[in-house]
Amino acid sequence: MSRDYRATFVIPLGARRILGDGGWEFFSRNRIPQEIVGALMADLALVESDSYLGMQEFFGEHVKAIVLRDKQGQAETVYFRAYGDRDVHDELLRALSALRNRGAVEVFSPSR
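Residues numbered from 1 in each chain as written. Predicted model: local features only at pLDDT ≥ 70, side-chain atom pairs only at ≥ 80, totals over all residues. Heavy atoms only, no water.

Peer 1: Looking at this structure, I do not really get the nonpolar core. What am I missing?
Peer 2: A general trend in soluble globular proteins is that nonpolar side chains are found buried together. Of all hydrophobic cores here, the largest spans 24 residues; its most connected members are Val10, Ile32, Met41, Leu46, Val78, Phe80 and Leu92. Counting residues per element, the ones that place at least two in this core are α1 (34-43), β6 (63-69), β7 (75-83), α2 (88-97) and β8 (105-108). When residues in this core are grouped by element, the largest group, five residues, is from α1. Those residues in contact with isoleucine 32 that lie beyond four places of it in its chain are Val10, Ile11, Pro12, Val37, Ala75, Glu76, Thr77, Val78 and Val105. Judged by nonpolar contacts, the second largest core, of eight residues, contains Phe9, Ile11, Phe26 and Tyr79. (Core = buried A, V, L, I, M, F, W, Y, C linked by side-chain atoms within 4.5 Å. Buried < 20%, exposed > 50% of the residue type's maximum accessible area, 1.4 Å probe, protein only. Helix = DSSP H or I, 4+ residues; strand = E, 2+ residues; numbered from the N terminus. Contact = heavy atoms within 4.5 Å.)

Peer 1: Looking at this structure, how should I read the packing of aromatic side chains?
Peer 2: When we look at a pair of aromatic rings, we describe it by the centre distance and by the angle of the planes. Under the defined criterion, the tally for this structure stands at seven aromatic pairs. When the ring of phenylalanine 9 is compared with that of phenylalanine 26, the centres are 4.9 Å apart and the planes differ by 55 degrees; the resulting orientation is tilted. On the criterion of sequence distance, the pair formed by phenylalanine 9 in strand β1 (residues 5-12) and phenylalanine 26 in strand β3 (residues 23-27) is long-range, its members being 17 residues apart. For phenylalanine 9, a relative accessible area of 7% corresponds to the buried category. Phenylalanine 26 sits in the buried class, given a relative accessible area of 15%. Where phenylalanine 9 meets phenylalanine 108, the ring centres are 6.2 Å apart and the plane angle is 25 degrees; that geometry is what we call stacked. Here phenylalanine 9 is found in strand β1, whereas its partner phenylalanine 108 is found in strand β8, with 99 residues between them in sequence. Ring-pair connections join several aromatic residues into one group, and the members of that group are Phe9, Trp24, Phe26, Tyr79 and Phe108. Note that arginine 81 overlies the ring of tyrosine 5, its terminal NZ or CZ placed 4.2 Å from the centroid. (Phe/Tyr/Trp six-rings, centres within 6.5 Å; stacked < 30°, edge-to-face > 60°. Lys NZ or Arg CZ within 6 Å of the ring centre and 35° of its normal.)

Peer 1: Could you clarify how one ought to interpret the pairing of β1 in this entry?
Peer 2: The side chains of a regular strand alternate between both faces of the sheet. In terms of burial, β1 is largely enclosed, as six of its eight residues are buried. Across six bridges, β1 lies against β7 in antiparallel orientation. Bridging across to β7, arginine 6 finds its partner in alanine 82. Note: β1 against β8, four bridges, orientation antiparallel. (Pairing = 2+ DSSP bridges.)

Peer 1: Please explain the environment of serine 97 as it appears in this structure.
Peer 2: One can find serine 97 in helix α2. Considering only alpha carbons, one finds serine 97 and glycine 38, 59 residues apart in sequence, at a separation of 15 Å. A polar contact of 2.6 Å, which involves the side chain of serine 97, links it to the backbone oxygen of arginine 94. (Polar contact = N/O pair within 3.5 Å; in protein donor to acceptor, adjacent residues only side chain to side chain.)

Rendered as structure tokens:
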């Protein structure tokens, strides 16, 4: 994969966004339902590769995803890196449109 990528995040609806020294940080009391996480990974054809320290890594064709989990194991943020011509932002919007509880999350792409 190329070093150049486009970042996209799935975050709880209304989460506070802060661009800090280490990158984007999101703050919300709400969490991302597991059914949304599972559906997005399936729709984007991503396969789990590793899990450690509250993070789950997934890989697919020209995309990497990291699910950040809280101490209770609930998803706080899903971070996507898209390489090449893959437009993960639009794929995520299409995948979410088919879900009943899609209103629990939003898609955020800093470059858009």
